[in-house]
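Summary of the model geometry
Okay, here's what each chain looks like letter by letter:
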Amino acid sequence: MPRPFARALALAAVAAVIPLASPGTAAADSVVIGGFPVQASAVPWTVAVASRDRFGGTRGGQFCGGVVIGRSTVLTAAHCMGEEALGGPVRELSDLAIIQGRSDLLASDGREIRVRDVTVNPDYSSRTNAGDFAVLTLASALPQGAVIPMAPMGDAAYRPGTSATVYGWGDTTGAGDYARALRGARVEVLPDATCQRAYPGSADGTYVPASMLCAGATGGGRDACQGDSGGPLVASGRLIGLVSWGSGCGQAASPGVYTRVSDVVRKLRPSR
Ligand code: ARG
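This write-up is about the structure you can find in this document. (Residues numbered from 1 in each chain as written. Predicted model: local features only at pLDDT ≥ 70, side-chain atom pairs only at ≥ 80, totals over all residues. Heavy atoms only, no water.)

Notes on the packing of aromatic side chains
According to the stated counting rule, one finds 3 aromatic pairs in the structure shown. Seen in terms of ring centroids, Phe-55 and Phe-63 are 4.5 Å apart; in terms of plane orientation they differ by 20°. Their pairing is stacked. The exposure class assigned to Phe-55 is buried, which follows from its relative accessible area of 14%. With relative accessibility at 2%, the residue Phe-63 sits in the buried group. A ring pair is formed by Tyr-199 and Trp-245, whose centres lie 4.6 Å apart and whose planes are at 55°; its orientation type is tilted. With a gap of 46 residues between them, Tyr-199 in the loop between helix H4 (192-198) and strand E11 (212-216) and Trp-245 in strand E13 (residues 238-245) connect regions that are remote in the sequence. This pair shows no difference in class: Tyr-199 is buried, exactly as Trp-245 is. (Phe/Tyr/Trp six-rings, centres within 6.5 Å; stacked < 30°, edge-to-face > 60°. Buried < 20%, exposed > 50% of the residue type's maximum accessible area, 1.4 Å probe, protein only. Helix = DSSP H or I, 4+ residues; strand = E, 2+ residues; numbered from the N terminus.)

So this is what it looks like as C-alpha cells:
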C-alpha cells in the first residue's frame, strides 16, 4: 500500500519551498480528446489548478490539472509551475488555488482551496521533460475520501495493455477548445518501446522510461491535450501517471506521455 504523505517534507528539504505572494500577466496553455463527461464527485481526487489573476475568470482561472495524494497535498506537473506556463515566476502568483468537487468550472459547488506552497521537483528537466511533477501544499485539508493512492513501483497497473482513464478540463479538439466541464478519456498503458520510437529526442522532449509512462489509444483519437497537464491517469483505482506532454493530441503515432507515479513515490520517500 502506498504510504500517506509525510513525504512532501522530504522533497521540501532538498528543494526550496517557494512562498506565494503577488500577481502578474499570462496566457493559458491547455484534456481530453475523444472523451466523455465526468462528475467531479465521482473522481474527488481530480482537481483544477487555477489562478483567476493570471488566467481570468471565464473558466474559473483553470490552467492545469492536479491530483489529491494527501489531505493537504496535490501533485501537478512541474511545467505547470514554470515561467513559460505562468508568464512569470510562481512566487508572484497571489491567488494560486485548487478547485475540487466542481465539474463545471463556472459553478460554485465543491471547494476552492488556496495553495500555501509549491515545491517543484529539483530534478525536473525542461529539455527532456523528465521528472515532471510538483507538490502543492494546501492551506486547508480535504477529506480523506478525496485522496487517491499512488501505485508503487512494480504495481500491475503499470503493465502495458492495462486500461486507464485520464481526466481534465483541457482542450477537447487540439484546436484550443477548452472544456468548461470535466471530462475523462479511456486509454491504454503502452509499452515503453512505443514511446521510445515516437520520441527518440525532439524539441517536444525525449521519452525516458524510468520517469515517464506511455499511454494512448491504438489508432489514436483518445488522449489528453493542452490544459490537462498535471491531471491524473488512473488504473485499477490507483494513480499511475500525471499528464505531461506529447506531440499534438490524439494522433496514433504520437501517444501521450505521463509522469510515472512510481518515480514520484520513490523521490518523495524520506532518504536515510
Ligand atoms: N503539455 C500539456 C499541458 O500543459 C499536456 C499535453 C499532453 N498531450 C498529449 N498529447 N497527451 O497541458
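Read on for the rest.
What to know about the pairing of strand E12 (residues 232-235)
Of the two faces of E12, both are covered, the one formed by Pro-232 and Val-234 as well as the one formed by Leu-233 and Ala-235. Both strand E9 (residues 163-168) and E12 contribute to a ladder of 2 bridges, which runs antiparallel. Its bridge partner being in E12, Thr-165 is matched across the sheet by Val-234. As paired elements, E12 and E13 share 4 bridges and run antiparallel to each other. Opposite Val-234, over in E13, you have Leu-239 as the bridge partner. Where E12 hands over to E13, the hairpin turn is made up of 2 residues, of which Ser-236 adopts a positive phi near 50°. (Pairing = 2+ DSSP bridges.)

Section: the state of the cysteines
In the structure shown here, the tally under the stated rule is 3 disulfides. In this model Cys-64 forms its disulfide with Cys-80; the gap between the sulfur atoms is 2.0 Å. Around the S-S axis, the bridge from Cys-64 to Cys-80 shows a dihedral of about -85° and counts as left-handed. In this pair, Cys-64 sits in strand E4 (residues 62-70) while Cys-80 sits in the loop between strand E5 (73-76) and helix H3 (83-86), placing the two residues 16 residues apart along the sequence. (Disulfide = S-S within 2.5 Å.)

Focus on the nonpolar core
Ranked by size, the top nonpolar core spans 64 residues in total, and within it Leu-75, Met-81, Ile-98, Leu-239 and Ile-240 carry the most contacts. Among the elements that take part in this core, E4 stands out by supplying 5 residues, more than any other. Residues contacting Ile-98, with those up to four places away along its chain left out, are Val-47, Ala-48, Val-49, Val-74, Arg-111, Glu-112, Ile-113, Val-115, Leu-136, Leu-138 and Leu-142. Counting residues in each nonpolar core, the second largest holds 9 residues, with Ala-130, Tyr-199, Tyr-207 and Met-212 among its members. (Core = buried A, V, L, I, M, F, W, Y, C linked by side-chain atoms within 4.5 Å. Contact = heavy atoms within 4.5 Å.)

Structural notes on the pattern of salt bridges
One pass over the structure, following the stated rule, counts 8 salt bridges. With a shortest N-O distance of 2.9 Å, Arg-180 and Asp-104 are connected by a salt bridge. Separated by 76 residues along the polypeptide, Arg-180 in the loop between E9 and strand E10 (183-189) and Asp-104 in the loop between strand E6 (97-100) and strand E7 (111-120) bring together distant segments of the chain. On the basis of relative accessible area, Arg-180 is assigned to the partly exposed category, the value being 45%. Between Asp-192 and Arg-260 there is a salt bridge whose closest N-O contact spans 3.1 Å. Taken together, the positions of Asp-192 in helix H4 and Arg-260 in strand E14 (residues 256-260) put the pair 68 residues apart, joining distant regions of the chain. Overall, Asp-192 belongs to the partly exposed group, its relative accessible area being 27%. Look at the salt bridges and you will find they share partners, linking Arg-52, Arg-102 and Glu-112 into a network. (Salt bridge = Lys/Arg side-chain N within 4 Å of Asp/Glu carboxyl O.)

Quick look at helix H5 (residues 261-268)
An α-helix turns once per 3.6 residues; consequently, residues spaced three or four apart project the same way. Counting buried residues in H5 gives 6 out of 8 residues, a clear majority hidden from the surface. Those residues of H5 that fall on the buried side of the exposure criterion are Val-261, Ser-262, Asp-263, Val-264, Val-265 and Leu-268.

A closer look at the environment of Gly-82
Position of Gly-82 among the secondary structure elements: in the loop between E5 and H3. For Gly-82, a relative accessible area of 23% corresponds to the partly exposed category. Sequence separation of Gly-82 and Val-120 is 38 residues, and the distance between their C-alpha atoms is 8.9 Å.

Examining the environment of Ala-40
With respect to the helices and strands, Ala-40 occurs in the loop between strand E2 (36-37) and strand E3 (46-50). With a relative accessible area of 1%, Ala-40 lands in the buried category. C-alpha of Ala-40 to C-alpha of Tyr-167: the two residues are 127 residues apart in sequence and 9.7 Å apart in space. Residue contacts for Ala-40: discarding those within four places in its chain leaves Gly-101, Arg-102, Ser-103 and Leu-182.

Details of the side chain of Asp-263
Assignment of secondary structure puts Asp-263 in helix H5. A residue is classified by how much of its surface remains accessible, and Asp-263, at 6% relative accessible area, is buried. Among the polar contacts listed, one links the side chain of Asp-263 to the side chain of Arg-266, at a separation of 2.8 Å. (Polar contact = N/O pair within 3.5 Å; in protein donor to acceptor, adjacent residues only side chain to side chain.)

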